Amino acid sequence: MAESRSRTISLGHGSGGLLTHDLVHEVFGARLANPVLDGGGDSALLEVGGARIAFTTDSFVVSPLVFPGGDIGKLAVCGTVNDLAVAGAVPRFLSLAVVLEEGFDRDLLERIADSIAHTAAAAEVLVVTGDTKVVEKGKGDGVYLNTAGVGLLRPAAPGGAASARPGDVVLVNGPCGDHGAVIVSARSGIELSSGLQSDCAPLGGLVAALYDAGVTPRFMRDPTRGGTAGVLAELARGGACGVEVDETSLPVRDEVRGVCELLGMDPLFLANEGKVIVVVPPEQAAAALAALRGHPHGTAAAAIGAITAAHPGQVVLRTRYGGQRLIDMPVSDPLPRIC
Amino acid sequence: MRRRFEVAGIVQGVGFRPFVYRLATRLGLGGHVFNHEAGVTIEVEGDAAAVDAFAAALRPEAPPLSRIDEVRAVDVADAGERAFRIAPSAAHARAATLISPDVAVCDDCRRELFDPADRRHRYPFINCVNCGPRYTIIADLPYDRPKTTMRAFTMCPACQAEYDDPRTRRFHAQPNACPACGPRLALEDAAGRPLPAADPVAAAVARLVAGAILAVKGLGGFHLACDAALAAVVAELRRRKHRDEKPFAVMVRDLEAVAALAAVSDAEARLLTSPERPIVLLARRAGGPSCDEVAPGNRRVGVMLPYTPLHHLLLADAGGFPGPLVMTSANPSDEPIVRDNDEARWRLRGIADAFLVHDRDILVRADDSVLHVAAGMPRQVRRSRGFVPVPVRLPRGGPPVLAVGGELKNTICLTRGRDAFLSQHIGDLENAPTAAFLEEIAAHLQRVLDLRPEVVVHDLHPDYHATRYALHRTDLTRLAVQHHHAHVLACLAEHGREAPCIGLALDGTGYGLDDTIWGGEVLVVDGTAMQRAAHFRALPLPGGEQAIREPWRMALALLHVAGAADRLEQLLPRWPHAEARTARTLRDLLARAHPFPRSSGLGRLFDAVAALLGIRDLATFEGQAAMALEQAAAWDPAVPPYPIDLVPAAPGGTPLVVDPAAMARALLDDLDAGATPARAAARFHATIVATLVTLAQRTRADTSLRLVALGGGVFQNRILLETISARLTADGFEVLAPAQVPANDGGLALGQAYFALLSLG
Ligand SMILES: [Zn+2]
Ligand SMILES: [Zn+2]
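Residues numbered from 1 in each chain as written. Chains lettered and ligands numbered in written order. Predicted model: local features only at pLDDT ≥ 70, side-chain atom pairs only at ≥ 80, totals over all residues. Heavy atoms only, no water.

Enquirer: So what exactly am I meant to see when it comes to the overall build of chain A here?
Expert: Looking only at helices and strands, chain A features nine helices and 14 strands. Whereas a compact globule of 339 residues would reach a radius of gyration of roughly 20 Å, chain A reaches 20 Å, a difference of no more than 12%. The dimensions of chain A, computed from C-alpha atoms along their principal axes, are 55 × 55 × 45 Å. The contacts of chain A with a sequence gap of at least 6 include a subset with a gap of at least 24, amounting to 83%. By element, 55% of the accessible surface of chain A is carried by carbon and sulfur atoms, the whole surface being about 15200 Å². For chain A, the separation between the mean place of its 26 positive charges and that of its 37 negative charges on side chains is 3 Å. (Helix = DSSP H or I, 4+ residues; strand = E, 2+ residues; numbered from the N terminus. Rg over C-alpha atoms; globule rule 2.2 N^0.38 Å. Contact = heavy atoms within 4.5 Å. Areas by Shrake-Rupley, 256 points an atom, 1.4 Å probe, with all protein chains shown as cover. Lys, Arg positive; Asp, Glu negative; His and termini not counted. Charge placed at Lys NZ, Arg CZ, Asp CG, Glu CD.)

Enquirer: Help me understand the sheet that holds strand 20 (residues 419–422) of chain B in this model?
Expert: Within a sheet, adjacent strands bond to each other through the backbone by hydrogen bonds, running parallel or antiparallel. Residues and elements named next belong to chain B. Here we have six strands laid out as an open sheet, ordered 17-20-19-18-21-22, and mixed in their pairing. Either end of the sheet is taken by a strand with one partner, and the two such strands are strand 17 (392–393) and strand 22 (477–481). Relative to strand 20, strand 19 (residues 413–416) is paired through four bridges, and the arrangement is antiparallel. What sits directly across from Arg416, in strand 20, is Asp419. Relative to the sheet, helix 12 (residues 465–472) contacts strand 18 (401–403), strand 21 (455–459) and strand 22, its axis offset from that of strand 21 by approximately 155 degrees. (Pairing = 2+ DSSP bridges. Axes fitted to C-alpha atoms, helices over the stretch in contact; angles between N-to-C directions.)

Enquirer: Would you mind showing me how to read the coordination of the zinc ion (ligand 2) here?
Expert: Each pair of donors in an ideal four-coordinate tetrahedral metal site encloses 109.5 degrees, whereas pairs in an ideal six-coordinate octahedral site enclose 90 or 180 degrees. Residues and elements named next belong to chain B. Coordination of the zinc ion (ligand 2) by the protein comes from Cys156 (SG), Cys159 (SG), Cys178 (SG) and Cys181 (SG), over a distance range of 2.2 to 2.3 Å. One way to put it: the four donor atoms around the zinc ion (ligand 2) meet at angles of 105 to 114 degrees, and that makes the site tetrahedral. Here the donor residues for the zinc ion (ligand 2) map to a single chain with the spacing C-x2-C-x18-C-x2-C. In this pair, Cys159 is assigned in helix 4 (residues 157–164) and Cys178 in the loop between helix 4 and strand 6 (185–189), connecting sequence segments 19 residues apart. (Donors = N, O, S within 2.8 Å, 3.2 Å for Na, K, Ca; no water. Tetrahedral: all angles 85-135°; square planar, octahedral: opposite > 155°, others 65-115°.)

Enquirer: Looking at this model, I keep getting lost on the coordination of the zinc ion (ligand 1). Mind explaining?
Expert: All names here are of chain B. Surrounding the zinc ion (ligand 1) are the protein donor atoms Cys106 (SG), Cys109 (SG), Cys128 (SG) and Cys131 (SG), which sit 2.3 to 2.4 Å from the metal. Metal-centred angles of 103 to 119 degrees between the four donor atoms at the zinc ion (ligand 1) mark the site as tetrahedral. Look at where the donors of the zinc ion (ligand 1) fall in the sequence and you get C-x2-C-x18-C-x2-C. Here Cys131 lies in the loop between helix 3 (107–113) and helix 4 and Cys106 lies in the loop between strand 5 (84–86) and helix 3, a separation of 25 residues in the sequence. Note on accessibility: Cys106 and Cys131 belong to one class, buried. (Buried < 20%, exposed > 50% of the residue type's maximum accessible area, 1.4 Å probe, protein only.)

Enquirer: Would you take a moment to explain the interface of chain A and chain B for this structure?
Expert: Interface size is commonly expressed as the accessible surface area that is lost when the partners come together. Taken together, the 30 residues of chain A in the interface contact 48 residues of chain B. For the pair chain A and chain B, the summed buried area comes to about 3300 Å², and 59% of that belongs to carbon and sulfur atoms. Sorting the residues of chain A by area buried against chain B places A:Arg337, A:Ile338 and A:Cys339 first, and these three jointly supply 25% of that buried surface. The interface formed by chain A and chain B contains four salt bridges. A:Arg337 is the salt-bridge partner of B:Glu430, the closest N and O atoms lying 3.5 Å from each other. Our enumeration of links across chain A and chain B arrives at 18 residue pairs in polar contact (both at pLDDT 80 or more). Those elements that provide at least two residues to the side of chain A that touches chain B are helix 8 (254–263) and strand 14 (324–327) of chain A. (Buried area = accessible area lost by both parts, 1.4 Å probe. Salt bridge = Lys/Arg side-chain N within 4 Å of Asp/Glu carboxyl O. Polar contact = N/O pair within 3.5 Å; in protein donor to acceptor, adjacent residues only side chain to side chain.)

Enquirer: I keep staring at the sheet that holds strand 1 (residues 44–48) of chain A and nothing clicks. Help me out?
Expert: All names here are of chain A. Overall, mixed pairing links the five strands, which are arranged 1-2-7-5-6 in an open sheet. In this open sheet, the two edge strands, each paired with only one partner strand, are strand 1 and strand 6 (126–135). Strand after strand, the sheet turns through a mean of 20 degrees between neighbouring axes, direction not considered. Across the sheet, helix 3 (residues 72–86) is in contact with strand 2 (51–60), strand 5 (89–101) and strand 7 (143–153); its angle to strand 2 comes to roughly 145 degrees.

Enquirer: Is there a simple way to explain empty space enclosed by the protein in this structure?
Expert: One way to see where empty space is left: roll a probe the size of a water molecule over the atoms. Residue and element names in this part refer to chain B. Applying the stated criterion across every chain yields a total of seven cavities of 30 Å³ or more. Taken together, 18 residues make up the lining of the largest cavity; nearest its centre are Gln12, Gly13, Arg17, Asn35 and Gln174. Shared between two domains, the lining of the largest cavity holds at least three residues of each, these being domain 1 (2–86) and domain 2 (100–125 + 146–382). Considering only enclosed or pocket space, the second largest cavity measures out at about 150 Å³ in volume. Along its surface, the second largest cavity is lined by 18 residues, and Pro124, Leu219, Thr308, Pro309 and Arg360 are the ones closest to its centre. (1 Å grid on protein atoms, 1.4 Å probe; cavity = no way out; pocket = protein on both sides within 12 Å on 5 of 7 lines; lining within 4 Å. Points joined across faces, edges and corners; volume = space filled by probe spheres on them. Domains from an automatic or database assignment.)

Enquirer: Sorry if this is basic, but what is going on with a nonpolar patch on the surface here?
Expert: Together, A:Val24, A:Val27, A:Phe28, A:Leu32 and A:Leu37 give the surface a local cluster of nonpolar side chains, amounting to about 420 Å² of exposed area. Mapped onto the secondary structure, A:Leu37 falls in helix 2 (residues 35–38). (Patch = residues over 30% accessible without salt bridge, like charges linked within 9 Å, V, L, I, M, F, W, Y side chains within 5 Å.)

Enquirer: Is there a simple way to think about the packing of aromatic side chains in this case?
Expert: Aromatic rings in a pair are described by how distant their centres are and how their planes are angled relative to each other. All names here are of chain B. Taken as a whole and judged by the stated rule, the model has six aromatic pairs over all chains. In this arrangement the basic side chain of Arg238 is found over the ring face of Phe248, its NZ or CZ atom lying 4.2 Å from the centre. The ring of Phe733 is capped by Arg700, whose NZ or CZ atom sits 4.0 Å from the centre of that ring. (Phe/Tyr/Trp six-rings, centres within 6.5 Å; stacked < 30°, edge-to-face > 60°. Lys NZ or Arg CZ within 6 Å of the ring centre and 35° of its normal.)

Enquirer: Help me understand the packing of helix 15 (residues 551–561) of chain B against helix 17 (residues 580–591) of chain B in this model?
Expert: When two helices pack together, their arrangement is given by the angle between the helix axes and the distance between those axes. Residue and element names in this part refer to chain B. Contact geometry for helix 15 and helix 17: axes closest at 10 Å, N-to-C directions at 40 degrees. In this structure, helix 15 meets helix 17 at a crossing whose hand is right-handed. Taking contact as the criterion, the partners of Trp552, Arg553, Leu556, Ala557 and His560 in helix 15 are, on helix 17, Thr582, Ala583, Leu586, Arg587, Leu590 and Ala591. Classifying every residue of the contact of helix 15 with helix 17 gives seven nonpolar, two polar and two charged. (Left-handed = near helix turned anticlockwise from the far one by under 90°. Nonpolar A, V, L, I, M, F, W, Y, C, P; charged D, E, K, R; others polar.)

Enquirer: Quick question: what am I supposed to make of the pattern of salt bridges here?
Expert: Any two side chains of opposite charge can pair, so long as their charged atoms come close to each other. All names here are of chain B. Tallying each qualifying case throughout the model produces 70 salt bridges over all chains. Close ionic contact of Glu45 with Arg2 constitutes a salt bridge, the shortest N to O distance being 2.6 Å. A residue pair is termed long-range when its members are at least 10 positions apart, and Glu45 in strand 3 (residues 39–45) and Arg2 in strand 1 (residues 2–10) qualify at 43 residues. The same class applies to Glu45 and to Arg2, which are both buried. Members of the salt-bridge network, linked through shared partners, are Asp108, Arg111, Glu112, Arg119, Arg120, Glu162, Arg169 and Arg170.

Enquirer: Got a minute to help me understand the domain arrangement of chain A in this structure?
Expert: In terms of domains, chain A is made up of domain 1 (1–35), domain 2 (43–153) and domain 3 (161–327). Of note, the centres of domain 1 of chain A and domain 3 of chain A, computed from C-alpha atoms alone, are 26 Å apart.

Enquirer: So what exactly am I meant to see when it comes to the nonpolar core here?
Expert: One recurring pattern in soluble globular proteins is that nonpolar side chains are buried together. Of all hydrophobic cores here, the largest spans 140 residues; its most connected members are A:Leu145, B:Leu504 and B:Trp575. With 11 residues, helix 21 (residues 677–703) of chain B is the largest single contributor of residues to this core. Among the domains, domain 2 (43–153) and domain 3 (161–327) of chain A are the pair contributing at least three residues each to this core. In contact with A:Leu145, other than residues within four places in its own chain, are A:Asp58, A:Ser59, A:Phe60, A:Ile72, A:Gly73, A:Ala76, A:Leu96, A:Ala97, A:Val98, A:Ile112 and A:Ile116. (Core = buried A, V, L, I, M, F, W, Y, C linked by side-chain atoms within 4.5 Å.)

Enquirer: Can you help me understand the packing of helix 20 (residues 661–672) of chain B against helix 21 of chain B in this one?
Expert: All names here are of chain B. Where helix 20 meets helix 21, the closest approach of the two axes is 10 Å, and the angle between their N-to-C directions is 155 degrees. What the angle tells us is that helix 20 and helix 21 run roughly antiparallel. Classified by chirality, the crossing of helix 21 by helix 20 is right-handed. Together, Met663, Leu667, Asp670 and Leu671 of helix 20 and Pro677, Ala680, Arg683, Phe684 and Thr687 of helix 21 make up the contact between the two elements. (Parallel < 35°, antiparallel > 145°, perpendicular 65-115°, else oblique.)

Enquirer: Can you walk me through the domain arrangement of chain B in this structure?
Expert: Residues and elements named next belong to chain B. We note that the domain assignment places domain 1 (2–86) and domain 2 (100–125 + 146–382) within chain B. Put simply, the middle of domain 1 and the middle of domain 2, counted by C-alpha atoms, are 36 Å apart. With eight residues of domain 1 in contact, the opposing surface of domain 2 contributes six residues. With both sides pooled, the region where domain 1 packs onto domain 2 buries about 660 Å², and carbon together with sulfur makes up 72% of that total. For the pair domain 1 and domain 2, the interface holds zero salt bridges. The interface formed by domain 1 and domain 2 contains one residue pair in polar contact (both at pLDDT 80 or more). With four residues, helix 1 (residues 16–26) is the single largest residue contributor to the side of domain 1 that touches domain 2. Among the residues making up the side of domain 1 that touches domain 2, the classes are represented as six nonpolar, no polar and two charged.

Next comes the structure, spelled out in structure tokens:
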């Protein structure tokens, strides 16, 4: 019973949880194996003609297409730019592929294109190639976008989860879960009286500020789908260490807390589109925090936890009452466990 | 003539050899007795009548702590032995031997404890072969002092003489000790600094009287103790432990003191005074000596009697604490009970005002067990100290299996042959220290049982930490079993049954075969095969787990499915913890068919009704609303049920779905017409009883099965357990109900283990 697997794809396979992870590994990883892909990062790190580059791609499917703080166009630029930035690269060029559904509103398409242009300018990247297709009505969800991106790697690119050491400090550039809370509210028709916005933002400049301050992060990752918890779990699983996070230092907006309480969600598991989790050696923690806070996308940055020698492979949240809660990625969309 | 007896069971460390020695000597028989890996071998020689008398007395006169599973006798050739002797144990005496659980102080030791002439007068660690610590101090087998935490103490000549003399109660009593050579008590302040006291017990009592909260080292861990009569002190303990309303257990001096607190039946009195000395849930007397803060809003109270010499001293007639004491497991929030002195000083900082500690280490944590008497017999609610590691005898054996249990109230289970060793209460695995405790106990049980599991079996819920632990055991064959199937199998297992049955599996939450949450299930179970014959309608959980913590949300879900969501404004005043804006938003989300997770858990329907009746809109611990609803019911077996619909899931097909919509409307109309919440709660219970009886009858008609097995935490509800059992029995069913093992998820691992053995058979 345990080993039985359905032969059809479920929505759970796209949740970003273990199901997604397993699907990608079993279907694609097994067939396409090569040393670069097996590296497993969000970006491929390549050497081309003596230059070291990062290369990545991402597809964007979001409902609604326009939401407080952004739209699918802004998301498509930020998503790819941020994957490059957290790989330690300076983002330079993007491709853009568009799949449109018959009957899609041209005004909305232009609005999305404007947004792509503004965001690319702000992120200091050029969209240098593209493709557009139209599918029959009913065979698409308005518009799907795909971007791929190339960036130049810095000499001191972060080493990944395995390079984290006990005592290292875990930082984040601002409150958790804004984007996820905005999307779920919009989809559920929940009125946000507070003006909560998605955190969607390109992070190339913020990462540059870190390097400019002399910080050499051991690990950086943008906590998008799967949330902060997903990145922390990846951090713990990828190395020989544990991760401990302090609930009281974890920044979360009251509005996000409110949405979470209403719908029974945890801000740690909500998606972000303008956040980065940074792990730095303890002696760089103060400089890193100052550099983050000095940048417009990091004013509410905080040190949220540490890498530990204890409980290797696990993420433990120290609760406000001194409890130690294990944080694990749900296999699919979470279902209640308590009675 | 000469006869050899091979005895198997719990026959080591319980005074079995001295008993054999005394019996043989009394009958004038020669021969010997010795321990080995499979139990005890006895040979007796003498005249035939005496040998027969010996054989006849072996079982009935065996020591109270022993449990004889099997005696095989064979006549052998005379050897001319005139005297009887206790021979040395055979080497490697381990494999099939059973470790005794911890045992409350026996009457003999208690007499000596309070006898000024005895050399152990007021010695807090007095014990003998009939009582004292066992499971919690044993690191490995064979059960000898060097393998226990008593190895740190060398016996004085007087103790050694007792230990060597088969005529004493302390012959081979491994924890034997006295004030000259054994463990000592010490009192420490809140920071762990010694507080010199000639009599640490008297000093501790003085502090308790003054309203202090003390950490007291016990058998399986620390307790937090305070005066149960002082509301302010108990409230302070709640504040420090971050424990809102979950009841605290109370310890009192004797049965007379229990009777002042609560109504006690004969069966309950026997349970309270049994050698296991569990916490027994009793009907609380209004105006009794314990304050309401002990169990806020609860008509029951958990009571236990002293079980260690230290408890007896703390509550002694002369110089002891005069009233009931709160005695709750010492742990910050829901973590495992604190075991070591250093751990206590660190983890209980800010909780305890002082520490009453000693230097006999606890090797294995074990919380107090909790039972209640329902449908005429004691039933486990939390099976732990005093009962673990006594095995449950299974209907069949097989290769060694490790079952990892559920997520909350976790226990694990290891099998050896037909014996299933269910672990002590481990707890809620979302806590990192509890998850570590699971691994610690799994390793410990494997060591003391001397077995390596070949199979690991787990729940279907992919996100249970226990499931993940099992999936990491890639060295073992892995099996999974559906939650409610395991509940039913647990009940069959403890009754030693293998026949196909109708299973009523009723609880709050369990992962179903269709990847939704189940919990109101009528199953047809035939070994490893299971089919859903009927189930309660899945209600949306508005806010996922948040709807489990806030029963008013379930009331909203029930209103929604009953087409009565317009009642929200009328009901809001009954829900002090519901914010009107949140409730209205959720009502709208339900109306728009928001994809909330859904659950058929009967526990959720109890939550919904508890909130509809204004009895409980917030749950600060598991099952609180359901418990409050049961206690509020003005129960009478003749009370009329509300209407409820049974609708096939597909036309003419199975499973049948129990739709509570009509019941909800009738209940609201009943309230409008002036019914009290107590009356409506009773009618709700009657509805559930009638529904389940009808479903059992229909399933019998379809399958010809007349055996019914009950499982799931809902059966801690006495009205349901007693009435459903009685009605089904009266209608010709044979009903099996959980007793030795909790009906709740604390018994799940047993059912999982049994499933694995059935799969492999
Ligand atoms: Zn004794
Ligand atoms: Zn002594």
